[in-house]
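# Structure assessment
Residue strings, one per chain:
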Amino acid sequence: MADVTRSPLAPLTPTSAALRLVWLRIRRNWPSAIALVLIVAMMLAALLANWIAPYEPDATDAEAALRVPSLHHWLGTDIYGRDLLSRIIFAARVDLTVAFGATALALAIGSTIGAVAGLYRGLVDLVIMRCVDSIMAFPAFILAMAITAALGNSVTNVLIAISLTQIPNYLRLIRGEIFRIREMEYADAARVVGNPAWRIIFIHLLPNCLPPIIVQATLAMGYALLTMAALSFIGLGIQPPQSEWGSMTAEGAQYIVTGEWWLFLFPGLAIVLMVLSFNLIGDSLRDFLDPRMRGVR
Amino acid sequence: MSPLCEVDDIKVHFALRGSAAWLRALKDGKPAVVRAVDGVSISIDPGSMLGLVGESGCGKSTVARALVRLVRPTAGSIRFDGTELTSLSDDEFNKIRPNLQMVFQDPAASLNPRLSVRRVVEEPIKLHTELSAAERRERAEAVLEEVGLGADLADRYPHELSGGQCQRVNIARALVTNPRLIVLDEPTSALDVSLRARVILLLEELRQRHGLSYLFISHDLASVRYLASRVAVMYLGVIVEEASRAELFDHPAHPYTRALLAAVPVPDPDAKRDPFVLSGEIPSPIDIPTGCRLRTRCPLAQPVCAEPVPIREVAPGHFAACHLV
Amino acid sequence: MNAVVEVKDLSVRFATDHGEVAAVDQASFDVREGEILGLVGESGSGKSVTATAILRLIRKPGRLAHGSIMLGGRDLCQLREDELQHIRGTEIAMISQTPRTALNPLITVGQHVARLFALHAGLSKAESRRRAIDMLALVGIPEPARRARQYAHQFSGGMCQRVMIAMALATSPRLLIADEPTTGLDVSTAARILDLLRELGPRTGASILLITHDLGVVASTCQRVAVMHAGQIVEVAPVRSLFHHPAHPYTRALVRSIPRIDREITMEPIPGAVPSLLNVPAGCRYAGRCPWVEDRCRRLKPVLRSVAPGHSVACFAVEDGRVAAV
């Protein structure tokens, strides 16, 4: 029966051919490639802030206050003479931590509970869904505000608050996906072969729910960033002298009237670019993780 | 020789839910129930194959699923190797699973798209034995070899394989725990007619080599004819005829069997077709005709067919449920 | 007999990350007036792609690389999209393997058919409804007036297929392409659908191109047969000649590989596997599996040549007489 072993496609490609495939996919999705570069660049900048930033974020310089962007200060300075570029780079730490952290936490908790609801149905599902409904009855932002106010102003608490408001989304999404695939034959096959429930959830069902989750997660990261920014815009969450893009934009807004446009534009631009990048990589990341998309134009 | 598996008068009824069902129940005076399987008894001897044929909606897949506990029978008993399966707990049943495996209908849909062939075949070994990773790998590769898939395919994913290859992976997965009975739910229906031969011959080879028993469920009568020693025909949840292969195909007793055999297209342009045809459509399993279930469509129907019809022996080893035989 | 559709040297290619795949390679055949031509082949042989190509519905990443499709004197490959839109549904119609998914769940079955009359024949709403009910009766749906008001989910698989046939034949097309119309259906339902096609073809004047992988279907329904292997047409013959005197080695192997219900004969699976269409061999695509292969077969591609009236085969071994007549 050796004849059937010749598979329809070429055998496993060596490195050069694999690289070529990666290049083709990048070329197909150049907006996403750019987005990915931006995100990685920002993450690296945040990590290496101590070495990259030209000045200390808190270093005041009374003589250099409110300078227009120039060679000394690429993005200008604020009223205390602090370099805007350095502040933005250091602020990236807070923003990206909250964006990734809140999303990851919400995804982990929401998916697990959603999977349980989808798999067991009945009373378990009923109870879980009614709890979810109560959480979703509140406008997400109001809820985030309330939780932050209750827990106290700190970055960690903001992270928890934002992730709590995001949990219902993943929960419902996963639950819906589980409904769809629990009737699939490979789920049945997994049962017949003797898999315990936890393996069916984590090895067979959840990985196949990933595509819509990935897209949701990348969109949600943008939303988490915006929520963080909005919370500090109104004074909740972080405290000065900690810098964060939202609070920087809030402070900078006061100066539009007096003509110091850079104080509000650059932090705002940072938010926009990050959110846009998250949105753009959503679809491509989903395709990239799908074994079926290999080799398809 | 006592049978390996004995199914005794099982019934699988699904209660309908929702407001429409409730209204219907009010109207009919009894709860609305889908009688998918309504009293089926079969037995499979060690090392033999029983074919279970019928068209869609007859309940044959439900019988298969009941055997592997994907669905619980509402009544009746299933004895496997002397043990009564219906009274086992889930954990106890799990210990039996290595002996009782299943191959599903859609070759590609029965494989998790995210697992490589190797992982699919190694999983049952991992779940039920204590073998080391190297031993698992060896056993998986040995089984893949046996079903005709080379080691180079072990790291592929289901979407990279053809339908026939996917089906072989399914068979390998069922085989890897050394089962005694394999339930095959339409294993060739999703394959091209020209590929069925390979799978059928492979199944026969494996059966002889390992002394396996099969419950082969299909609407492809030609494949069943090749493999089965005994055949049972199902219609609307009950068995209407059961006989040895030769008897059933050469001397069908029940009108439904006759109609089924007449409808199979034969690859011979000069073949004369038996013009025996059933009228109308299959009734819904919620509204089953009283008496003989076929009487609303049978060209030979008589008034007596409204009476309940038990299955009787009409010739040695040949059973049929028809008043007119 | 006149040909309704003449396909000549049709080639369809698909672009993939691994290179170009020639899904259909220089296929030539014709469908004659009033006949049912069977197009037989395994999965992946290119039969469905051929059907899609005839309807000029090949889209990226596929393209019609070569060939001509003559319908009533016009070459479909040269026509513009708006001219083609007029032809699809009126002169060429198609029914597919999954009738239920082809029906719109939001409109009634009657509306599916009535719309066609309104659109293509310009009939009034009332007249279209009347004609639609007539069509449903023609395809054997009982109580057509009542069922015309029902929706697709209330119909069984076989009934849905009848509705598809009604829709296809409503505009009296010259050619009806039936792509595996019975593959998803039960045996007895399938038999009745095939009976229906056999009966309605001559009645409505449509010729039928019946695509299938089941030789049993071909034997009972078709008058002539074209056999496809790996994108190439390897044999065209009247149905009796194909089964009693199969010439091409692939056809012979195919006939021997089928489980049969009427006889106790041994099944022999076809040796080898369908060649990968990415690394297509230069010569005959069956060379890797053929017991009569010789060196020439690997280098040159055989073309269809007549070996008997109406019976042509693309095989060097047959041409040379190395293969004895069955």
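Everything numeric here is computed off the predicted structure, so don't read it as measured data.

Calculation rules
- In this numbering scheme, every chain counts its residues from 1 along its sequence in written order.
- Chain labels run from A onward and ligand labels from 1 onward, assigned in the order the entries are written.
- Thresholds applied to this predicted model are a pLDDT of at least 70 for local features of residues and 80 or more for the giving and counting of side-chain atom pairs; totals over whole chains, interfaces and linings are not thresholded and use all residues.
- Helix and strand assignments follow DSSP, with helices taken as H or I runs no shorter than four residues and strands as E runs no shorter than two, numbered in order from the N terminus.
- A residue is called partly exposed when the number of other C-beta atoms within 10 Å of its own lies between 12 and 20, exposed at 12 or fewer, and buried at 20 or more, with C-beta atoms placed from the backbone.
- Here the contact rule is simple: place C-beta atoms from the backbone, and any two residues whose C-beta atoms are within 7 Å are in contact.
- Radius of gyration here uses only the C-alpha atoms, and the compact-globule reference equals 2.2 Å multiplied by the residue count raised to the power 0.38.
- Residues are grouped as follows: Ala, Val, Leu, Ile, Met, Phe, Trp, Tyr, Cys and Pro are nonpolar; Asp, Glu, Lys and Arg are charged; every other residue, Gly included, is polar.
- Throughout, an axis means a line fitted to C-alpha atoms (over the contacting stretch in the case of helices), and angles, computed between N-to-C directions, take values from 0 to 180 degrees.
- Should an angle fall under 35 degrees it is called roughly parallel, over 145 degrees roughly antiparallel, and 65 to 115 degrees roughly perpendicular, with every other angle called oblique.
- Less than a right angle of anticlockwise turn of the near helix away from the far helix marks a crossing as left-handed, whereas a clockwise turn marks it as right-handed.
- Two strands pair if DSSP finds at least two bridges between them.
- Under the definition applied here, buried Ala, Val, Leu, Ile, Met, Phe, Trp, Tyr and Cys residues are grouped into a nonpolar core through C-beta atoms within 7 Å.
- Values of pLDDT, the confidence the predictor places in each residue, fall between 0 and 100.

### A few points about the overall build of chain A
The helix and strand inventory of chain A stands at eleven helices and zero strands. When the helices and strands of chain A are placed in sequence order, the string is α-α-α-α-α-α-α-α-α-α-α. Within chain A, the proportion of its 297 residues that are buried is 37%. Within chain A, residue pairs in contact and separated by at least 24 positions form 68% of the contacts whose partners lie at least 6 positions apart.

### A few points about the overall build of chain C
Check the secondary structure of chain C and you find 13 helices and twelve strands. Relative to the compact-globule value of 20 Å for 326 residues, chain C shows a C-alpha radius of gyration of 21 Å, a close match. With the C-alpha coordinates aligned to their principal axes, the bounding extent of chain C is approximately 65 × 50 × 40 Å. Sorting the 326 residues of chain C into buried and exposed places 48% on the buried side. Sequence-distant contacts in chain C: of pairs separated by 6 or more residues, those separated by 24 or more amount to 64%.

### Brief notes about the interface of chain C and chain B
In this assembly, 28 residues from chain C lie in contact with 30 residues from chain B. It is helix α9 (residues 215-221) of chain C that contributes the most residues to the side of chain C that touches chain B, five residues altogether. Tallied by class, residues from the side of chain C that touches chain B come to 15 nonpolar, seven polar and six charged.

### Observations regarding unusual backbone geometry
Peptide bonds are mostly trans, and most non-glycine residues show a negative phi. Residue and element names in this part refer to chain C. Note that the residue after Lys-60, namely Pro-61, is joined by a cis bond; omega there is 5°. Mapped onto the elements, Pro-61 comes out in the loop between α1 (47-54) and β4 (62-71). The residue Asp-9 is not glycine, and still its phi comes out positive at about 50°. Inspection of the secondary structure puts Asp-9 in strand β1 (residues 3-16). Its 11 C-beta neighbours within 10 Å are what place Asp-9 among the exposed residues.

### Focus: the packing of helix α7 (residues 157-169) of chain C against helix α8 (residues 187-204) of chain C
All names here are of chain C. Contact geometry of α7 with α8 gives a least axis separation of 10 Å together with a crossing angle of 15°. The pairing of α7 with α8 is recorded here as roughly parallel in orientation. Note on packing geometry: the crossing formed by α7 with α8 is right-handed. Between α7, through Gly-157, Gly-158, Gln-161, Arg-162, Ile-165 and Leu-169, and α8, the contact on the second element is made entirely by Thr-189, Arg-192, Ile-193, Leu-196, Leu-200 and Thr-204. Among the residues making up the contact of α7 with α8, the classes are represented as five nonpolar, five polar and two charged.

### Considerations on the pairing of strand β9 (residues 230-235) of chain B
Residues and elements named next belong to chain B. With six of six residues buried, β9 lies mostly within the body of the structure. Where burial is concerned, the two faces of β9 agree: the one with Arg-230, Ala-232 and Met-234 and the one with Val-231, Val-233 and Tyr-235 are both buried. Bridge count between strand β3 (residues 49-53) and β9: four bridges; the pairing is parallel. Residue pairing across strands places Leu-52 opposite Ala-232, the latter belonging to β9. Sheet topology note: the β9/strand β10 (residues 238-244) ladder contains six bridges and is antiparallel. Bridged to Met-234 within β10 is Ile-239.

### Observations regarding the nonpolar core
Val-98 and Ala-224 of chain A, Leu-215 and Phe-216 of chain B together with Ala-166 and Leu-209 of chain C are the most contacted members of the largest nonpolar core, which has 272 residues in total. Not counting residues within four places of it along the chain, the set of residues in contact with Leu-209 of chain C comprises Val-31, Leu-37, Leu-39, Leu-175, Ile-177 and Ala-178 of chain C.

### Here's the deal with the environment of Val-68 of chain B
Residue and element names in this part refer to chain B. Tracing the sequence through the fold places Val-68 in the loop between α2 (60-67) and β4 (75-80). Overall, Val-68 belongs to the buried group, with 21 C-beta atoms counted inside 10 Å. Between the C-alpha atom of Val-68 and that of Arg-97, which follows or precedes it by 29 residues, the distance is 7.8 Å.

### Here's the deal with the sheet that holds β4 of chain B
All names here are of chain B. The four strands are arranged β2-β1-β4-β5 in an open sheet whose pairing can be described as antiparallel. At either margin of the open sheet sits one strand with a lone partner, and together these are β2 (33-44) and β5 (83-84). With two bridges connecting them, β4 and β5 associate as antiparallel partners. The residue of β5 that forms the bridge with Phe-80 is Thr-83.

### Let's talk about the environment of Val-139 of chain C
Residues and elements named next belong to chain C. Checked against the element boundaries, Val-139 lands in the loop between α5 (125-138) and α6 (144-147). The buried category is assigned to Val-139, around which 23 C-beta atoms lie within 10 Å. Counting along the chain gives 51 residues from Val-139 to Ala-190, while the straight-line C-alpha distance between them is 14 Å. Discounting residues that sit within four places of it in the chain, Val-139 has contacts with Arg-162, Ile-165, Ala-166 and Leu-196.

### Notes on the confidence of the model for chain C
Mean pLDDT over chain C stands at 88; residues scoring 70 or higher make up 98%. The ipTM, which scores confidence in the relative placement of chains, is 0.85 for this predicted complex, and the corresponding pTM is 0.81.

### Regarding the sheet that holds β9 of chain B
All names here are of chain B. Strand order in the open sheet formed by eight strands is β6-β7-β8-β3-β9-β10-β12-β11, with mixed pairing between adjacent strands. Each end of this open sheet is capped by a strand with a single partner; those strands are β6 (100-103) and β11 (312-315). Across this sheet, the average inter-strand angle for adjacent strands is 25°, counted without regard to direction. In the sheet, β6 pairs with strand β7 (residues 181-185) via four bridges, with the strands oriented parallel. Each residue of the ladder has a partner; that of Met-102, found in β7, is Val-183.

### Brief notes about the confidence of the model for chain A
All names here are of chain A. Here chain A averages 82 in pLDDT, while 89% of its residues score no lower than 70. Per-element averaging of pLDDT across chain A places helix α1 (residues 15-28) at the bottom with 68 and helix α8 (residues 185-193) at the top with 92. The low-confidence segment residues 1-13, where pLDDT is below 50, has 26 contacts with residues more than four positions distant or belonging to other chains.

### Remarks on the packing of helix α2 (residues 30-47) of chain A against helix α4 (residues 84-120) of chain A
All names here are of chain A. Remark: α2 packs on α4, axes separated minimally by 8 Å, with the N-to-C direction vectors making an angle of 110°. The angle between α2 and α4 places the two elements in the roughly perpendicular class. Of α4, the residues touching α2 (which contributes Met-42, Met-43, Ala-45 and Ala-46) are Ile-89, Ala-92, Arg-93 and Leu-96.

### A few points about the pairing of β11 of chain B
Residue and element names in this part refer to chain B. In this structure, β11 lies alongside strand β12 (residues 318-320), joined through three bridges in antiparallel fashion. Bridge assignment links Arg-312 to a residue of β12, and that residue is Ala-320. Connecting β11 to the next strand, β12, in antiparallel fashion are two residues, including Gly-317 with a positive phi near 75°.

### Considering the environment of Arg-312 of chain B
Residues and elements named next belong to chain B. With respect to the secondary-structure elements, Arg-312 resides in strand β11. Looking at Arg-312, the number of C-beta atoms within 10 Å reads 13, which means it is partly exposed. With ten residues separating them along the chain, Arg-312 and Cys-322 place their C-alpha atoms 8.2 Å apart. Ignoring anything within four residues of it in the chain, the contact list for Arg-312 reads Phe-319 and Ala-320.

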